[in-house]
2 protein chains.
Amino acid sequence: MTSSTLNRACGADLYFKCEHLQKVGAFKARGAANAVLQLPEATALVATHSSGNHGAALAWAASERNIRCKVVMPDNAPDAKKRAVAAYGADIVLCQPTLEAREATLAKLVAETGAHVVPPFDDKRIIAGQGTVAQEIIGQCRELGFSPDLLVSPVGGGGLLAGIGLAVSALAPEVKVLGAEPAGADDAQRSFRRGERVTEQEPDTIADGLRTTLGVRNFSLICRHVNDIVTVSEAGILEALSLLWHRTKQWVEPSAAVGLAAVMEHRARFRNKRVVIVLTGGNMDLAAAATMLDGRG
Amino acid sequence: MTSSTLNRACGADLYFKCEHLQKVGAFKARGAANAVLQLPEATALVATHSSGNHGAALAWAASERNIRCKVVMPDNAPDAKKRAVAAYGADIVLCQPTLEAREATLAKLVAETGAHVVPPFDDKRIIAGQGTVAQEIIGQCRELGFSPDLLVSPVGGGGLLAGIGLAVSALAPEVKVLGAEPAGADDAQRSFRRGERVTEQEPDTIADGLRTTLGVRNFSLICRHVNDIVTVSEAGILEALSLLWHRTKQWVEPSAAVGLAAVMEHRARFRNKRVVIVLTGGNMDLAAAATMLDGRG
């Protein structure tokens, strides 16, 4: 999708890749489908931990193969995401909203049930699956007769950004890949700049999909295949979100607005460039959105 | 656009025609463009009255030809629509929210300025322009290898429904055309059933784009080319609206939800049918939407 209003506002040619229109309303369907399609025939139960979209994606992918699914979710996950997981027939197991609690709860569940774990991002199958979005983008741009200058993607656990970096470096190495993350959850930028994976962070951002810490495989691939990582403010995320709702008429969630926020807050890097921005997901209640905007004051 | 979730929920195959993604965020761009492109070279000023989307559409179409534009708007028109009109460079003239006040204010303006009037719906150029949406729908369905059973469109002033009826009767007479309107603004259904244009109504509906009374030309064309008109409840509009936001991730305005509401409230007529629903526009503030849902209480 394109918007002439946003192009004028940003001084760049923006192309939005609409992963909020993907199955389960998020790019996570790609990785989950790729992982589930590779499971042995006999697999009866899969499990994962997720703040939301990966959980729904795994629940969906498992249900397509008639495999049972259990999802460990932090108790502060948005209601819309809990409902989505349940709607695909998975069981939800709530835990404290820390990576430690999520991993411990999942480990206990696996010990008890023998479930096959499909991790949310630090997994080769997941990374390869998410990378298909870049494969599609490159193909679609070629069909339209151009090559993008830059591809911008939000980064949380790093499955999407690592997959995109990997795919772009193989298929269109001339395209620059940029990660974008909230300043309130900037472990990816710190890791990238330090050349060493930073794990200590207390995420503080409305972009609930990006509160996770960069995975090990993800960090390694991002260092090799991504050009840079920029951060954006919370005000910038809200402004970009409102523009996406009101200008492109697309109902996206806060994490999905981080790419546009990056273009708006780092204008000089994008001026007169052809920029593809991944809109990562659209799973949010209107009520939650209204509360969020009220909190803006 | 399609949604497998909505198809399952409605027991029908639904195809959404996305006029909220049209220029100015509404189908009204079609009629306004058609009218403005037919004006004589020397035209300096156009004017109209509109509850919003036609005003923005005329302002946009006029600006594309460097023609000045004045729009008479009821003072209860949504802020988003006032801002849109202003953003395209038109002057806004506020008036009381009645058809009489709108027409009187416009007449005075024309007497003072000699502006060329482009009416919102009761106009051949407007009707023909809006009808292009049906021409596109028929063509797009043929490309996809099918013919729809039914085409459902909201009806307010009747420009869109009359244009659709006209186009479908010429291009695909086997397709049934249904109008849908809020029970709280049901003049079109009463006119259609009585065979005589009803003008007395006090519209009471959240679908602000459908508060207008059916035009003369529109009524005549609708009687000849439309199969039926059904009404929907306010609760039905809100439910359809919420489903469109959360399931299709499309940010549409209340009037745009009336077609889906009709399919949901008159289920038996649509069961197992291929139904094209026109999503007419997407011009609404999130804040206005939140207030509206609160009022649902």
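Relevant structure appears above.
Because the structure is predicted, anything quoted here is derived from the model rather than measured.

Calculation rules
Positions within a chain are numbered from 1, following the residues in the order the chain's sequence is written. Think of it this way: whatever chain is written first is A, whatever ligand is written first is 1, and the rest follow in order. Reporting of local features is limited, given that this is a predicted model, to residues whose pLDDT is at least 70; pairs of side-chain atoms are given and counted only at 80 or more, and all residues count toward the totals for whole chains, interfaces and linings. The basis for every side-chain value is the complete set of non-hydrogen atoms in the structure, without hydrogens or water. Whether two strands pair comes down to DSSP finding at least two bridges between them. Only DSSP runs of H or I covering at least 4 residues are called helices, and only runs of E covering at least 2 are called strands; the numbering of each starts at the N terminus. Lines fitted to the C-alpha atoms define the axes, with helices restricted to the stretch that makes contact. Angles between their N-to-C directions range from 0 to 180 degrees. We call two residues contacting when some pair of their heavy atoms lies within 4.5 Å. Least-squares fitting of one copy onto the other uses the C-alpha atoms of those residues that reach a pLDDT of at least 70 in both copies. Aromatic rings from Phe, Tyr and Trp, with only the six-membered ring used for Trp, were paired whenever their centres fell within 6.5 Å, and each pair was classed as stacked if the ring planes differed by under 30 degrees, edge-to-face if by over 60, and tilted otherwise. A 1.4 Å probe rolled over the protein chains alone gives each residue an accessible area, and that area as a share of the maximum for its type sets the label: buried under 20%, exposed over 50%, partly exposed in between. Throughout, the term roughly parallel applies to angles under 35 degrees, roughly antiparallel to angles over 145, roughly perpendicular to angles from 65 to 115, and oblique to all others. Note on residue categories: nonpolar means Ala, Val, Leu, Ile, Met, Phe, Trp, Tyr, Cys or Pro, charged means Asp, Glu, Lys or Arg, and polar means any other residue, Gly included. Within this scheme, the nonpolar core is defined by two criteria: the residues are buried Ala, Val, Leu, Ile, Met, Phe, Trp, Tyr or Cys, and they are joined through side-chain atoms within 4.5 Å. A crossover gets the label right-handed when its path from the first strand over the helix to the second runs clockwise, viewed with the strands pointing away from the viewer. Within this document, salt bridges are pairs made up of a side-chain nitrogen of Lys or Arg and a carboxyl oxygen of Asp or Glu, the two lying within 4 Å of each other. We call two N or O atoms a polar contact when they sit within 3.5 Å, provided that within protein one can donate a hydrogen and the other can accept it, with sequence-adjacent residues counted only if both atoms are side-chain atoms.

Trainee: Give me the sheet that holds strand β8 (residues 228-232) of chain B: which residues, what numbers.
Mentor: Residues and elements named next belong to chain B. Overall, parallel pairing links the 5 strands, which are arranged β1-β9-β6-β7-β8 in an open sheet. Where the open sheet ends on each side, the last strands, each with one partner, are β1 (13-18) and β8. Strand-to-strand twist across the sheet, computed as the mean angle between neighbouring axes with direction ignored, equals 25 degrees. Two elements, β1 and strand β9 (residues 274-279), share 6 bridges in a ladder whose sense is parallel. Counterpart to leucine 14 in the pairing with β9 is valine 275. Packed onto the sheet, helix α6 (residues 124-143) meets β1, β6 (150-154) and β9 and runs at close to 130 degrees relative to β1.

Trainee: So what about the relation of the copies chain A and chain B? Which residues, and what values?
Mentor: Mapping chain A onto chain B is achieved by rotating through 180 degrees and translating by 0.0 Å along the same axis, at an RMSD of 0.0 Å. What the superposition gives is, in effect, a two-fold axis relating one chain to the other.

Trainee: Describe the packing of aromatic side chains, and please don't skip the residues or the numbers.
Mentor: In total, this model carries 5 aromatic pairs over all chains according to the counting rule given. Seen in terms of ring centroids, tryptophan 245 of chain B and tryptophan 251 of chain B are 4.8 Å apart; in terms of plane orientation they differ by 25 degrees. Their pairing is stacked. Judged on exposure class, the residue tryptophan 245 of chain B and its partner tryptophan 251 of chain B are both buried. Aromatic rings pair up to connect Trp245 and Trp251 of chain A together with Trp245 and Trp251 of chain B into one cluster.

Trainee: Which residues make up the packing of helix α3 (residues 53-64) of chain B against helix α4 (residues 79-87) of chain B, and what values do they have?
Mentor: All names here are of chain B. In the contact formed by α3 and α4, the axes pass within 8 Å of each other and the chain directions differ by 10 degrees. The angle between the axes of α3 and α4 places the two elements in the roughly parallel class. In contact with Asn53, Gly55, Ala56 and Ala59 of α3, α4 contributes Lys81, Ala84 and Val85. Its residues placed into classes, the contact of α3 with α4 shows 4 nonpolar, 2 polar and 1 charged.

Trainee: So what about the nonpolar core? Which residues, and what values?
Mentor: Within the largest apolar cluster, 77 residues are counted, with the highest numbers of intra-cluster contacts made by Leu14 and Leu260 of chain A together with Leu14, Trp245 and Leu260 of chain B. With residues up to four places along the chain from it excluded, the contact list for tryptophan 245 of chain B reads Trp251 and Leu286 of chain A together with Gln250, Trp251, Val252, Met284, Ala289, Met292 and Leu293 of chain B.

Trainee: Summarise the pairing of strand β7 (residues 176-182) of chain A; cite the residues concerned and give the values.
Mentor: Residue and element names in this part refer to chain A. The buried fraction of β7 amounts to 6 of the 7 residues, a majority that puts the element mostly inside the structure. Bridging between strand β6 (residues 150-154) and β7 involves 5 bridges; their strand directions are parallel. Looking across to β7, one finds that leucine 151 is bridged to valine 177. What joins β6 to β7 is helix α7 (residues 159-171), and the crossover it makes is right-handed. Two strands pair when backbone bridges link them, and β7 and strand β8 (residues 228-232) are joined in this way by 5 bridges, in the parallel orientation. Note that in β8 the partner of leucine 178 across the bridge is aspartate 228.

Trainee: Please give an account of the pattern of salt bridges that cites residues and values.
Mentor: Think of it this way: side chains of opposite charge can pair up when their charged atoms draw near. Residue and element names in this part refer to chain B. In total, this model carries 28 salt bridges over all chains according to the counting rule given. A salt bridge links arginine 274 to aspartate 149; the shortest N-O distance between them is 3.8 Å. You can see arginine 274 sitting in strand β9 and its partner aspartate 149 sitting in the loop between α6 and β6, a full 125 residues away along the chain. The class for arginine 274 is partly exposed, based on a relative accessible area of 32%.

Trainee: Any chance you could break down the side chain of glutamate 253 of chain A for me, citing the residues and the numbers?
Mentor: Residues and elements named next belong to chain A. Turning to its location among the elements, glutamate 253 is positioned in the loop between α10 (234-248) and α11 (258-265). Only 2.9 Å separates the side chain of glutamate 253 from the backbone nitrogen of asparagine 283, close enough to count as a polar contact. Discounting residues that sit within four places of it in the chain, glutamate 253 has contacts with Asn53, Lys81, Asp208, Leu241, Gly281, Gly282, Asn283 and Met284.

Purely geometric numbers; function is a separate question.
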